[in-house]
Amino acid sequence: MNNSGALFSQKCFWNGKLQAATVCYEKGIITRIEPDKLPEAMDLGNLVLMPGVIDAHVHINEPGRTEWEGFATATAAAIAGGTTCLADMPLNSSPVTISVKNFEEKLEATKGKLHAHVGFYGGVIPGNAEEIEGLAKAGVLGFKCFLVHSGIDEFPNVSKADLDIAMPILSRLGLPLLAHCEWIEQAFDSGLDENPKSYSNYLESRPKKWENDAVALMIELSRKHNCAVHIVHVSSSEALKLIKEAKEEGLQITAETCPQYILFYAEGIADGDTRYKCAPPIREKANNDLLKNALGTGILDFIGTDHSPAPPEIKELESGNLAKAWGGIAGIQFLLSASWTALNHEMTLEKFIPLITENPARFLKIDQRKGFLKPGFDADFVVWNPEKAFEVKPENILFKHRISPYIGKWLYGEIEQTWIAGNQVFEKNKLTDKHLGTWLKPV
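To start, this report covers the structure provided alongside it. A quick note: this is a predicted structure, and the numbers were derived from the prediction, not measured. (Residues numbered from 1 in each chain as written. Predicted model: local features only at pLDDT ≥ 70, side-chain atom pairs only at ≥ 80, totals over all residues. Heavy atoms only, no water.)

A word on the overall build of the chain. Assigned secondary structure in the chain consists of 12 helices and 17 strands. Compactness check: the chain gives a C-alpha radius of gyration of 21 Å against a globular reference of 22 Å for 443 residues, within 12% of the reference. Its C-alpha atoms put the chain at 65 × 45 × 40 Å along the principal axes. The long-range fraction of contacts in the chain, counting pairs at least 24 apart against all pairs at least 6 apart in sequence, stands at 75%. (Helix = DSSP H or I, 4+ residues; strand = E, 2+ residues; numbered from the N terminus. Rg over C-alpha atoms; globule rule 2.2 N^0.38 Å. Contact = heavy atoms within 4.5 Å.)

As structure tokens, then:
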């Protein structure tokens, strides 16, 4: 293991700018950054050198559902995509991470399997408020809840009464509550049961109103309890106004969207193509263009994949049944490239890079060691070519099941190298070092 050295690039993302610089590191820590090329530095030419990507929204599913995805495959795919840090959701593993005992079981399952750094969220469900403080002391980064059925019976959705109990505890602890925002006040017939292959019927079955109402509720409760709330995977452009007003009011509200909501759009999804099914759903192009704009204006804080894989039979690939198919998209390997492909005509690289580095680092409160190129920070890097397009081929996918709407797509932003703690772990479609990931604990 050689974790001391220096890297030079004409396009090093340093102090908010792409500029020529040499990044020196020793024992896995950045020691200094020089504006000139040092003789001992590896010359990366015009490739972009920047902090490793941070994915704050991932479902790894181990233990218990490792046949869906596991730590070894998920973190290998992460580093292949330039992601060096990720945060794992409290479901869809079994047991779900709703108690200290279950969290300890999850930590045990990571041993000898981490290629990237992994942090963890705890869960808030009805009746587990007494576990929140213990989970916080054990080292979770935040807590996740659902306002609608999660798809996993062991992780039921919360009511407003449940949140009134949990949120004052989270406020006192200073940890955020991440909310899946779909709130169903009244069921209705979208026609999906009669025509389960229809994407338009699936889209209608999860309307924007559900999302808007849930966001409004979480803002109200954030205000009431002085609790930090993070809105995950925003897909409704109508919710953006609510988020903007809450931020202007000074409430502790943050929000993310996902690559699938800004790269794909409903008009381009064929009936029966269950690879695109996720919840909330991928909406129309006009809607999704507004999400892109919100990333540029700061209404949305960052991008995370919501990587939520499942085996072929659960995705209903053969039947094309959108009513029955698992609602999740596998995309952990494409956070950087898919997001850049969606946004490269919308913003500069200097504007884009913080959306997948600095901003999620601040949210996770790891921005004193991750997310920036600064002396004293960890030497986690990604080297990539934003101008080079590549076709996503099944044989280059490292997550467990090669099922993804990204397959066959051409994406901009080919990953050349990924570095963990000053060690090159990936180069040109190949892992070059393994198992250097660590448990990403809060500072």
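Turning next to the environment of valine 148. One can find valine 148 in the loop between β10 (143–146) and α4 (160–173). Here valine 148 falls in the buried class, since its relative accessible area comes to 7%. (Buried < 20%, exposed > 50% of the residue type's maximum accessible area, 1.4 Å probe, protein only.)

Next up on the list: the sheet that holds strand β9 (residues 122–123). Each strand in a sheet pairs with another by means of backbone hydrogen bonds, the pair being arranged parallel or else antiparallel. One open sheet holds the 6 strands; their spatial order is β9-β10-β11-β12-β13-β14, and the pairing between them is parallel. A single partner strand is all that each edge strand has here, and the edge strands are β9 and β14 (302–303). Note: strand β13 (residues 253–257) against β14, 2 bridges, orientation parallel. Paired with glutamate 256 across the strands is phenylalanine 302, a residue of β14. (Pairing = 2+ DSSP bridges.)

On to the pattern of salt bridges, then. Close approach of charged atoms allows side chains with opposite charge to pair. Tallied over the entire structure, the rule returns 25 salt bridges. As a salt-bridge pair, arginine 206 and glutamate 182 come within 2.9 Å of each other at their nearest N and O atoms. Of the two residues, arginine 206 is situated in the loop between α5 (199–205) and α6 (208–225) and glutamate 182 in the loop between β11 (177–180) and α5; the sequence distance between them amounts to 24 residues. Comparing arginine 206 with glutamate 182 shows no difference in burial state: the two are buried. Here the residues in one salt-bridge network are Lys160, Asp164 and Lys224, joined through shared partners. (Salt bridge = Lys/Arg side-chain N within 4 Å of Asp/Glu carboxyl O.)

As a further point, take the nonpolar core. Within the largest apolar cluster, 107 residues are counted, with the highest numbers of intra-cluster contacts made by Met50, Leu177, Met218, Phe352 and Trp384. Counting 25 residues, the second-largest nonpolar core is a separate cluster that includes Ala56, Phe146, Ala361 and Phe363. (Core = buried A, V, L, I, M, F, W, Y, C linked by side-chain atoms within 4.5 Å.)

What follows covers unusual backbone geometry. Cis geometry marks the peptide bond from serine 94 to proline 95, where omega comes out at 15 degrees. Along the polypeptide, proline 95 turns up in the loop between β7 (83–88) and α2 (100–109). Located in the positive-phi region is aspartate 306, a residue other than glycine, with phi close to 55 degrees. Here aspartate 306 falls in the buried class, since its relative accessible area comes to 9%. The phi angle at lysine 365 is positive, at roughly 60 degrees, despite the residue not being glycine. Owing to a relative accessible area of 45%, lysine 365 belongs among the partly exposed residues under this scheme.

What follows covers the side chain of asparagine 128. Checked against the element boundaries, asparagine 128 lands in the loop between β9 and α3 (132–138). Once residues lying within four places of it in the same chain are set aside, the contact partners of asparagine 128 are Ile98 and Gly123.

Spatially, β6-β7-β8 is the arrangement adopted by the 3 strands of the open sheet, whose pairing is parallel. Whereas interior strands pair on both sides, the edge strands pair on one side only; in this sheet they are β6 (53–58) and β8 (117–120). For this sheet, the mean angle separating the axes of adjacent strands, direction not counted, is 20 degrees. The strands touched by helix α1 (residues 71–80) are β7 and β8; relative to β7, the strand with the most contacts, the crossing angle is about 135 degrees. (Axes fitted to C-alpha atoms, helices over the stretch in contact; angles between N-to-C directions.)

Within the structure shown, the criterion is met by 16 aromatic pairs. Ring centres of phenylalanine 372 and phenylalanine 377 lie 6.0 Å apart, and the angle between their planes is 75 degrees; this geometry places the pair in the edge-to-face category. Take phenylalanine 377: its relative accessible area is 7%, and that puts it in the buried class. Through successive ring pairs, a cluster of aromatic residues spans Phe264, Tyr276, Phe334, Phe399 and Tyr406. If you follow arginine 65 out to its NZ or CZ, it ends over the ring of tryptophan 68, 5.7 Å from the centre. Its end group placed over the ring of phenylalanine 372, lysine 374 keeps NZ or CZ at 4.6 Å from the ring centre. (Phe/Tyr/Trp six-rings, centres within 6.5 Å; stacked < 30°, edge-to-face > 60°. Lys NZ or Arg CZ within 6 Å of the ring centre and 35° of its normal.)

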